[in-house]
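Here's the letter readout for the chains.
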Amino acid sequence: MTDNVLAGRGYQKFAFSDGRWTRDVFRKGSGPAVIIMHEVPGLHPEVVRFADHVADAGMTVFLPSLFGTPMKPVSRGYAVGQILLNICIRREFNVWANGKSSAIVDWLRALAREAHRDCGGRGVGAVGMCFTGGSALAMMTEPSVVAPVLSQPSLPFGRGSKDALDCSAAEIACAKRRFAEEDLSLMGLRFKSDKLVPDARFERLRREFGDRFEAVELEDADAYPFPGMGPHSVLTLHLDDRPGTVTKGVEEKVIAFFKAQTAG
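The structure displayed is predicted, hence computed values, not measured ones.

1. Concerning the sheet that holds strand β5 (residues 124-129)
On the basis of which strands lie adjacent, the open sheet formed by eight strands has the order β1-β2-β4-β3-β5-β6-β7-β8 and mixed pairing. In this open sheet, the two edge strands, each paired with only one partner strand, are β1 (12-17) and β8 (213-218). The mean angle between the axes of side-by-side strands here comes to 20 degrees, regardless of whether they run parallel or antiparallel. As paired elements, β1 and strand β2 (residues 22-29) share six bridges and run antiparallel to each other. Bridging from a neighbouring strand, Phe-14 pairs with Val-25 of β2. Relative to the sheet, helix α4 (residues 104-119) contacts β1, β2, β3 (33-37), β4 (60-64), β5 and β6 (145-151), its axis offset from that of β4 by approximately 155 degrees. Where helix α7 (residues 199-209) meets the sheet, it contacts β6, β7 (186-191) and β8, and its direction lies at approximately 160 degrees from that of β8.

2. Thoughts on unusual backbone geometry
Of the consecutive residues Val-40 and Pro-41, the connecting peptide bond is found in the cis state with omega at 10 degrees. Note on placement: Pro-41 falls in the loop between β3 and α2 (45-56). Cis geometry is adopted by the peptide bond preceding Pro-156, which originates at Leu-155 and carries an omega value of 5 degrees. Within the secondary structure, Pro-156 sits in the loop between β6 and α6 (169-182). Its identity as a non-glycine residue notwithstanding, Cys-130 has a phi of 60 degrees, on the positive side. Position of Cys-130 relative to the elements: it lies in the loop between β5 and α5 (135-138).

3. Concerning the side chain of Glu-142
Within the secondary structure, Glu-142 sits in the loop between α5 and β6. Ignoring anything within four residues of it in the chain, the contact list for Glu-142 reads Arg-109, Ala-112, Arg-113 and Arg-178.

4. Brief notes about the environment of Asp-199
Locating Asp-199 in the fold gives a position in helix α7. Counting along the chain gives 152 residues from Asp-199 to Val-47, while the straight-line C-alpha distance between them is 25 Å. What Asp-199 contacts, discounting residues up to four positions off in sequence, is Arg-190 and Lys-192.

5. As for the pairing of β2
What sits between the antiparallel neighbours β1 and β2 is a turn of four residues, in which Gly-19 has the positive phi angle 95 degrees. Alignment of β2 against β4, held across five bridges, turns out to be antiparallel. Looking at the pairing, Phe-26 lines up with Leu-63 of β4.

6. A short note on the packing of aromatic side chains
When we look at a pair of aromatic rings, we describe it by the centre distance and by the angle of the planes. For the structure on display, the rule yields seven aromatic pairs. Considering the side-chain rings of Phe-14 and Phe-62, the 6.3 Å spacing of their centres and the 85 degrees angle between planes classify their relative orientation as edge-to-face. Taken together, the positions of Phe-14 in strand β1 and Phe-62 in strand β4 put the pair 48 residues apart, joining distant regions of the chain. Consider the rings of Phe-202 and Phe-213, whose centres lie 5.6 Å apart with planes at 80 degrees: the pair is edge-to-face. Of this pair, Phe-202 sits in helix α7 while Phe-213 sits in strand β8, and the two are eleven residues apart along the sequence. As far as burial versus exposure is concerned, Phe-202 and Phe-213 are alike and both buried. Among the aromatic residues, ring-to-ring pairing joins Phe-67, Phe-131 and Phe-157 into one connected group. Of note, Lys-72 hangs over the ring of Tyr-78, and the distance from its end group to the ring centre comes to 4.3 Å. Against the face of Phe-202 rests Arg-190, its NZ or CZ located 5.2 Å from the ring centre.

7. Observations regarding the environment of Glu-92
With respect to the helices and strands, Glu-92 occurs in the loop between α3 (76-88) and α4. Here Glu-92 falls in the buried class, since its relative accessible area comes to 9%. Taking the C-alpha atoms as reference points, Glu-92 and Gly-120, 28 residues apart in sequence, are found 28 Å from one another. Discounting chain neighbours no more than four positions away, the residues touching Glu-92 are Trp-21, Arg-23, Ser-102, Ala-103 and Ile-104.

What counts and how
- Residues numbered from 1 in each chain as written.
- Predicted model: local features only at pLDDT ≥ 70, side-chain atom pairs only at ≥ 80, totals over all residues.
- Heavy atoms only, no water.
- Pairing = 2+ DSSP bridges.
- Helix = DSSP H or I, 4+ residues; strand = E, 2+ residues; numbered from the N terminus.
- Axes fitted to C-alpha atoms, helices over the stretch in contact; angles between N-to-C directions.
- Contact = heavy atoms within 4.5 Å.
- Phe/Tyr/Trp six-rings, centres within 6.5 Å; stacked < 30°, edge-to-face > 60°.
- Buried < 20%, exposed > 50% of the residue type's maximum accessible area, 1.4 Å probe, protein only.
- Lys NZ or Arg CZ within 6 Å of the ring centre and 35° of its normal.

None of the figures reported here should be taken as evidence of function without further support.
The following block contains the structure:
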């Protein structure tokens, strides 16, 4: 059923392996590649809506299904279940503050290399959301990644995590070097009240990357009211899709960033 729904929206499914893990990926569009890493609880309809808009702007979107059930609507129970599963069982995701990125980042880098070979352009855009937010920055050790966006980057958790990044020191250093040498930059998105994305984390990004980091920080009043969930998901659940709204403007800004940075 999932495959039929996504196929009806123009997506082609393929299995991608880096030799360690294999994940389904849904692809749509033409032009330079953008990898969209979904949030908890999975590749839900509002993530696909964002991907549709990126594809409509003239890019090829790659939607890896990293956990959860593709196109299953979000509910509190579904989200809580996936959070517990990822914390307690899955080895692909590093949720605690220990100076490491998630192991799945290796698979994402391999996907970026493949997408760039296939789609061309200057390079690949990447956006992570919530659990996957920091992965877009960690992916900068892959030379094909040129446009990272961190949307509500919520990891790591645990003691001392408020200003921690979901990356290793070597990955941060590589990103700094590439930003300077290749004239690249980084975007970060969050709602100011979001306890999962502490003020200190964005301050750390400012300290590390200076004017190469563009912070987009929103008020609660800007959020589309999603039942049972406070403002969190900037590009999906809490995006007000009507023209002229603040969150719609943020979406347009992100898409323009991808388009400008990935074009050949």
